[in-house]
Amino acid sequence: MIADFLDAHERHLEDAECLLKAQRWANADHLYGMAVECGLKRLMMAFSMPYDTAKDLPANQQDRVHADGIWARFESYRCGHMQGTGYVLPANNPFHDWDVSDRYAHQSNFDQARAQAHQAGATVIRELVKKARREGLLI
């Protein structure tokens, strides 16, 4: 299959919202992180992130990170792009305590506060993606 970061961002976010409403904190939390990763990678591509289409993944190993690491990688592309000034992220990465391997953790390790903190971070990215669509940066 071919990666579609924009579609993945939107569906992970939509599913995370449904799971949050159902008080399924662990899976909501995980999907918020996945949504952020996908949304930022799509924006990074718009800001000229090298992408290996033959392997269907970012060309730079440093860009093959998840929500906890993608925040800093995004900045390296945003800062180097003419349109990047309108896409500044908050300085504090709300996913600093998120790890893709948390999907293996027992659900008792997750609670509403954690999931909502990651929801807030995902909302920031959702708004940047919406802005990029309005401004024609993403199609």
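Residues numbered from 1 in each chain as written. Predicted model: local features only at pLDDT ≥ 70, side-chain atom pairs only at ≥ 80, totals over all residues. Heavy atoms only, no water.

Section: the packing of helix 2 (residues 25-46) against helix 4 (residues 112-134)
Packed helices, taken two at a time, are described by the angle their axes make and the gap between the axes.
Reasoning step 1: Between helix 2 and helix 4, whose axes approach to 9 Å, the crossing angle comes to 25°. In this view, helix 2 runs roughly parallel relative to helix 4, as classed from their interaxial angle. Relative to helix 4, the crossing made by helix 2 is left-handed. Residue-level contacts link Trp25, Asp29, Tyr32, Val36, Gly39, Leu40 and Leu43 of helix 2 to Gln112, Arg114, Ala115, His118, Gln119, Gly121, Ala122, Ile125, Leu128, Val129 and Ala132 of helix 4.
Reasoning step 2: Grouping the amino acids of the contact of helix 2 with helix 4 by side-chain chemistry returns 11 nonpolar, 5 polar and 2 charged. (Axes fitted to C-alpha atoms, helices over the stretch in contact; angles between N-to-C directions. Helix = DSSP H or I, 4+ residues; strand = E, 2+ residues; numbered from the N terminus. Parallel < 35°, antiparallel > 145°, perpendicular 65-115°, else oblique. Left-handed = near helix turned anticlockwise from the far one by under 90°. Contact = heavy atoms within 4.5 Å. Nonpolar A, V, L, I, M, F, W, Y, C, P; charged D, E, K, R; others polar.)

Observations concerning the packing of helix 2 against helix 3 (residues 67-78)
Reasoning step 1: For the pair helix 2 and helix 3, the least separation of the axes is 9 Å and the interaxial angle reads 15°. The angle between helix 2 and helix 3 places the two elements in the roughly parallel class. Regarding helix 2 and helix 3, the two cross each other, and that crossing is left-handed. Contacts between helix 2 and helix 3 involve Gly33, Val36, Glu37, Leu40, Lys41, Leu43 and Met44 on the former and, on the latter, Ala67, Ile70, Trp71, Arg73, Phe74 and Tyr77.
Reasoning step 2: Taken together, the residues of the contact of helix 2 with helix 3 sort by class into 9 nonpolar, 1 polar and 3 charged.

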